[in-house]
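# Fold and contact review
One-letter residues, chain by chain:
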Amino acid sequence: MKKSNRDNIQSLFQPTFGNRPEQYIGRDGVIEKFMVGLREPIGSRDRCTLFLGQRGMGKTALLLELSDRAQKEGYVVARVTAHEGMPQAIIEQFQLNGSRYFDDEKRKLTGVTAGVLGFSFGLTFSEAAERQYGFRSKMSLLCDRLAEKGMGALILIDEVHTSAAMREVAAAYQELVGDRKNIAIAMAGLPHAVSKLLNDSVLTFLNRATRVELGLISTNLIRAYFEKAFRSIKIEAPDEILDRAALSTRGFPYLMQLIGYYVIQYTPERGIVTDTIMDKAEKAALGDMEKNVFEPILNPLSDNDKIFLKTLARCGKTVTTAKLQNELGRKGPAIQPYRKRLIEAGVIEAPRRGELVFAVPYLSEFLLGHDEARFS
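Once that is clear, we can look at the pattern of salt bridges. For the structure on display, the rule yields 20 salt bridges. Across the pair Glu-130 and Lys-138 runs a salt bridge, and its minimum N-O distance is 2.7 Å. Note on Lys-138: relative accessible area 6%, which makes it buried. Across the salt bridge formed by Lys-181 and Asp-144, the nearest N and O atoms sit 2.8 Å from each other. With Lys-181 in the loop between α8 (164–178) and β6 (183–189) and Asp-144 in helix α7 (residues 135–148), the pair connects residues that are 37 residues apart, well separated along the chain. Residue classification places Asp-144 among the partly exposed positions, given a relative accessible area of 36%.

In structure tokens form, the structure reads like this:
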């Protein structure tokens, strides 16, 4: 049966958090830098990387891409979301994902317990090891076992935050590197969560990790991808529409997925993308942004934080701190705590000394009244 445009949306665009699109756009340099680190000697700084970015910047998709590429480079990957049971989840992921490299050994067993010290077979711990060893010792055993097959170990942690589990994993990683185990780690999180992580007294070694801030993507790259994607399913998009679609994303990865998704959703098979279709796609995309990005960003903020942001929105796109102080009726020291907190949270940025801008596209319009917000 012939596929429709609607059937092809999923392979081209993934506007759902935690999913990965068919092609990763605009992060080639970031990905290659980490992959180079995996090829470098044990202990290389690039083998421990922190990715930080606001919601919708593609952090989870990036970890998925790193997982695929690392496996091709000879790494067994444990990919988890940070939570209190994370250490045990990491062990289980390594056992599950690495077991296929030991299938032959399992088939050779004849009903008796066999294997190397600490294991009954493959990556399954002996009863004694399971009972007596903690996370750090089990990871050491797993790294040694994988090394027998020429494999390394890569831990990927999403939504990192300061916790007892994070301290346990980070401390174990540091010790394993000191023991020259072939292990690497990449973590992703919101700016304020990563900031707290780096300020934790137990986790100070993470300040030596490579830190990567995931910013906006070039709209030229986005336009090229839109053109390729629409053409692949026989949708015609004139140049002016492609320009409009790319510019409407403002370089925000999540918006790129949303715009592409809704354009295909609203365009008939083998049809032409019109301004009317773009109007509908942009309106739907902005609605998703409000629910999935703006509200989660704003809900944890205090009333004074929101007043600060609304005042900033009324002042224009790039606002001097002097103008903001004047509008708020407060002197410099009084607004510094809000400025610092909102920058750490990834809501605003300071592109130059004495200036502030919003870090998330369309948030200022939303604050001024989402009924008036529109793509431009």
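Now that the structure is up, let's keep going.
In this section: the sheet that holds strand β10 (residues 355–358). The antiparallel open sheet is built from three strands, whose spatial order is β8-β10-β9. At either end of the open sheet lies a strand with only one pairing partner, and these are β8 (319–320) and β9 (348–349). Sheet topology places β8 next to β10; two bridges connect them, and they run antiparallel. If you follow Thr-320 over to β10, its bridge partner there is Glu-355.

What follows deals with the side chain of Thr-267. With respect to the secondary-structure elements, Thr-267 resides in the loop between α12 (253–266) and α13 (275–298). Within the structure, Thr-267 has its side chain in polar contact with the backbone oxygen of Val-263 (distance 2.6 Å).

Here the idea is plain: a probe the size of a water molecule rolls over the atoms and shows the empty space left. As a volume, the largest pocket reaches approximately 840 Å³. Along the walls of the largest pocket sit 34 residues, with Ile-348, Glu-349, Phe-358, Ala-359 and Val-360 positioned nearest its centre. Where the lining of the largest pocket is concerned, the elements lending two or more residues are α9 (191–199), β7 (210–213), α16 (332–344), β9, β10 and α17 (363–369). If you tally residues by element for the lining of the largest pocket, the top one is α9, at five residues. Here the residues of the lining of the largest pocket are counted per class, giving 18 nonpolar, nine polar and seven charged.

Another point: the confidence of the model for the protein chain. With 90% of its residues at a pLDDT of 70 or more, the protein chain shows a mean pLDDT of 87. Confidence drops under a pLDDT of 50 for residues 109–114, and excluding neighbours within four residues, the segment shows six contacts in the predicted structure.

Another point: the sheet that holds β7. Backbone hydrogen bonds hold the strands of a sheet together, and the pairing may be parallel or antiparallel. Reading across the sheet, the five strands line up as β2-β5-β6-β1-β7 and stay open at both edges, with parallel pairing between neighbours. Two strands bound the open sheet, and with one partner strand each, they are β2 (75–81) and β7. Pairs of neighbouring strands in the sheet enclose a mean axial angle of 15 degrees, with direction left out of account. Bridge count for strand β5 (residues 152–158) against β6 is five bridges, and the pairing is parallel. Each residue of the ladder has a partner; that of Ala-153, found in β6, is Ile-183. Packed onto the sheet, helix α3 (residues 59–72) meets β1 (48–52), β2, β5 and β6 and runs at close to 170 degrees relative to β5. Across the sheet, α8 touches β1, β5 and β6, and the angle it forms with β6 is around 150 degrees.

About the cut-offs
- Residues numbered from 1 in each chain as written.
- Predicted model: local features only at pLDDT ≥ 70, side-chain atom pairs only at ≥ 80, totals over all residues.
- Heavy atoms only, no water.
- Salt bridge = Lys/Arg side-chain N within 4 Å of Asp/Glu carboxyl O.
- Buried < 20%, exposed > 50% of the residue type's maximum accessible area, 1.4 Å probe, protein only.
- Helix = DSSP H or I, 4+ residues; strand = E, 2+ residues; numbered from the N terminus.
- Pairing = 2+ DSSP bridges.
- Polar contact = N/O pair within 3.5 Å; in protein donor to acceptor, adjacent residues only side chain to side chain.
- 1 Å grid on protein atoms, 1.4 Å probe; cavity = no way out; pocket = protein on both sides within 12 Å on 5 of 7 lines; lining within 4 Å.
- Points joined across faces, edges and corners; volume = space filled by probe spheres on them.
- Nonpolar A, V, L, I, M, F, W, Y, C, P; charged D, E, K, R; others polar.
- pLDDT = per-residue confidence, 0-100.
- Contact = heavy atoms within 4.5 Å.
- Axes fitted to C-alpha atoms, helices over the stretch in contact; angles between N-to-C directions.

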